[in-house]
Amino acid sequence: MKVSQLFTKTTKNVPADEVSKNARLLIQAGYIHKEMAGVYDYLPLGLTVLNNIIQVIREEMNAIGGQELSLSSLQPKDLWEKTGRWDDELVDIWFKTRMHSGEGAHQGPELGLAWSHEEALTALMRNHIRSYKDLPVYAYQFQTKFRNELRSKSGIMRCREFIMKDMYSFSRSQEDHDVFYEQAKQAYIKIFERVGLGDITYVTFASGGLFSKFSHEFQTITDVGEDTVYVHEGKKIAINKEVYTDEVLADLGVTKDELVEKRAVEVGNIFSLGSRFSDSLDLKFTDADGTEKTVIMGCYGIGPGRVMGTIVEHFADDKGIVWPENIAPYKVYLVRLGESEAVLAEADGLYEDLTKAGALVLYDDRSDARAGEKFADADLLGIPYRVVVSEKTLVNKQFEVKKRTEQEVHMCDRDAVIKMVV
Ligand code: ATP
Ligand code: MG
């Protein structure tokens, strides 16, 4: 992609009410646009990063047997009444509306914009799960959730409209469920490693529910996190403040003096649901011995946008964003300095060669931008490698290469550049 063709531009104009670092940087770099508090649009570069994160998650969900689908956002009231979750007292984050009727646009039956999908998917599975032979089922989606969050000051980390990866498991027995739950936990660990957050993300013990003592959150250490956790570095686990009791410490075999209090953000969450939803919505199956049993469920969430925001918060420096290589929108920011025929030919040639070799290149071919602007944009955008072509580099038939995370520049010939970035 050529910078001259990219419709987004870097900007210094950030909405005055935007207080979060992640959103401010992403807006400046042209990755996102703010519609209103907690509501953001993803522009081409931002969407590419989001999709890279989504792809990592998708691969790991498929690896544990996940089947991808996509459920509707519009949800009927009666379904949610069956589980008690239509109630505004119990769930205060609903966005609700009404269908059209002959009388007027919003005079018909009530509808909700889904903030989760246990109800919809459990009801749907009644069409597909009858016998033990139909189990297990692991279904997941990347789907827009609507949540009327009270506060939304963390940029793309807490939105009122956002994409969630939500997986739901349907198992024949508690034992089968427990095995899958552990596989899902391991898949999550891999996901956070692959997107660059492995070192600072902890499997965290959090409150369970009727069917399990604990749920597990994946908490990433960051000062802007809204949660407080107690980290055990040796065991690479943490305990959420909400379950930080003597009893829990004893259960986990850890003592207070081994734990360090930290701020963290919940980037993922896995939960054993038991028969909470299958009972209310009558999802049963016939087991091998002919008896009718309730399907055992679990749910497994990740917010790809929250992950992206967390990555920006964690890696950014005073010059801008720093993307881990695995999720960067482009691998190389190719800077052309000068307009002589020789420089043009050399830069165009390298762009072609890198692209042919399979590297994703953002080529700063602008003839109306100064060198300082190009370097500042390369840093702000956070692309892992910056390669410069100029009169100076032409002399030895070399290119100047710098990693976003390093200060030193290296002079490399064409093959070495390709080898470095592909
Ligand atoms: P939180 O405790 O932060 O409010 P939650 O416990 O309500 O989140 P879940 O319902 O378990 O979150 O959602 C699964 C995942 O979706 C979370 O782990 C998080 O990564 C993401 N997520 C939840 N709420 C938001 C939001 N408002 N904006 C962006 N991502 C979110
Ligand atoms: Mg939570």
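Residues numbered from 1 in each chain as written. Chains lettered and ligands numbered in written order. Predicted model: local features only at pLDDT ≥ 70, side-chain atom pairs only at ≥ 80, totals over all residues.

Here we take up the sheet that holds strand E20 (residues 399-403). With mixed pairing, the five strands of this open sheet are ordered in space as E18-E17-E19-E20-E21. With one partner strand each, in any of the chains shown, strand E18 (361-364) and strand E21 (409-412) form the two edges of the open sheet. The mean inter-strand angle of the sheet, taken between neighbouring strand axes irrespective of direction, is 25°. Looking at chain direction, strand E17 (residues 332-336) and strand E19 (residues 385-389) are connected through five bridges and run parallel. Bridge assignment links Leu 334 to a residue of E19, and that residue is Val 387. Of the strands in this sheet, E17, E18 and E19 touch helix H10 (residues 371-381), which is tilted by about 175° from E17. (Pairing = 2+ DSSP bridges. Helix = DSSP H or I, 4+ residues; strand = E, 2+ residues; numbered from the N terminus. Axes fitted to C-alpha atoms, helices over the stretch in contact; angles between N-to-C directions. Contact = placed C-beta atoms within 7 Å.)

Right, let's get into the domain arrangement of the chain. Split by domain assignment, the chain resolves into domain 1 (3-73 + 114-315) and domain 2 (332-421). Centre-to-centre, using C-alpha coordinates, domain 1 lies 38 Å away from domain 2. Residue-level contacts link five residues of domain 1 with eight residues of domain 2. Looking at the side of domain 1 that touches domain 2, its residues break down into two nonpolar, three polar and no charged. (Domains from an automatic or database assignment. Nonpolar A, V, L, I, M, F, W, Y, C, P; charged D, E, K, R; others polar.)

Of note, Trp 94 is situated in the loop between helix H3 (77-81) and strand E5 (95-98). Expressed as a C-alpha distance, the spacing of Trp 94 and Leu 394, which sit 300 residues apart in the sequence, is 61 Å. Beyond its immediate chain neighbours, meaning those up to four positions away, Trp 94 contacts Asp 88, Gly 112, Trp 115 and Asn 148.

Our focus in this paragraph is the pairing of strand E11 (residues 227-232). Across five bridges, E11 lies against strand E13 (residues 260-274) in antiparallel orientation. Counted as the bridge partner of Asp 227 is Ala 264 from E13. In terms of strand pairing, E11 meets strand E12 (residues 237-240) through four bridges, oriented antiparallel. Bridge assignment links Val 231 to a residue of E12, and that residue is Ala 238. Between E11 and E12, which pair antiparallel in sequence order, lie four residues; one of them, Lys 236, sits at a positive phi of approximately 55°.

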